[in-house]
Every structure is written in structure tokens, then in C-alpha cells.
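Residue-level structural notes
Letter by letter, the chains look like this.
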Amino acid sequence: KLKPEPFKAIKIGMKDIEMRLNDEKRQAIKIGDFIEFTNTESGEILKVKVINKHHFSSFDDLYKSFDKSRLGYYENEIAHPNDMTQYYPQEEINQSGVVGIEIKLI
């Protein structure tokens, strides 16, 4: 599931790194797998292919490794790793690490 803005960024070909906690569910994702993202408001579905996985100990490290547009931010937006703490508690980030799932729209 994705909120409308990151969903749109993938749909228009801007966002190609999906940031997630590296929990058991994300550890099971393999390069070559397909993922379906559902827009939380419209129910629209996008299908993507996993082309790489980038592992980091923190969102701070992940944000430093990619241009902000690849993460779904527009030029006029400030990209800040703390944005991800609205989704994941810091304790879980410290325990599991994070993953940047590099995707290609199908």
C-alpha cells in the first residue's frame, strides 16, 4: 500500500527506490520479484519489478546514498530521513535496519 504522492511518483517514473524497514517481509523479497502497490485512496494498482536491494543501518544512510527524486521527493521539497519515523518507530529501525528496494515500473 502506498499513499497517493509516492504512488504518483512511481507512476510517472520519478521514484524508483521504495524505502522500507528491513523486516522479515522485506527480507523475503528477491531481485526479480514483482510487487503490486495499491494507492490507499483510489485503489489503483501499479506493478513493479525488483531490480536491486540496497541495505542500510538507518534511513539517514539511505537518504545520503540517493538523489531525493529517486526517493519520491520533488525539487521544491526537503528530503529528511525523519520523515520515515511516521511509519516506523526508531527502535524497529535500529533493530532491523532499512532497505531501499530499487524498482522498475512494468
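Residues numbered from 1 in each chain as written. Predicted model: local features only at pLDDT ≥ 70, side-chain atom pairs only at ≥ 80, totals over all residues. Heavy atoms only, no water.

1. What about the packing of aromatic side chains?
Taken as a whole and assessed by the stated rule, the structure comprises 3 aromatic pairs. Geometrically, the ring pair formed by Phe-56 and Phe-66 is edge-to-face, given 6.3 Å between the ring centres and 80° between the ring planes. Linking Phe-56 in strand E3 (residues 45–56) with Phe-66 in the loop between helix H3 (59–65) and helix H4 (90–96), this pair joins segments that are 10 residues apart in sequence. Neither residue differs from the other here; Phe-56 and Phe-66 are each classed as buried. Each ring, one from Phe-59 and one from Tyr-88, has its centre 6.0 Å from the other, and the planes form 15°; the classification is stacked. With a gap of 29 residues between them, Phe-59 in helix H3 and Tyr-88 in the loop between H3 and H4 connect regions that are remote in the sequence. Taken as a pair, Phe-59 and Tyr-88 share a single burial class, namely buried. (Phe/Tyr/Trp six-rings, centres within 6.5 Å; stacked < 30°, edge-to-face > 60°. Helix = DSSP H or I, 4+ residues; strand = E, 2+ residues; numbered from the N terminus. Buried < 20%, exposed > 50% of the residue type's maximum accessible area, 1.4 Å probe, protein only.)

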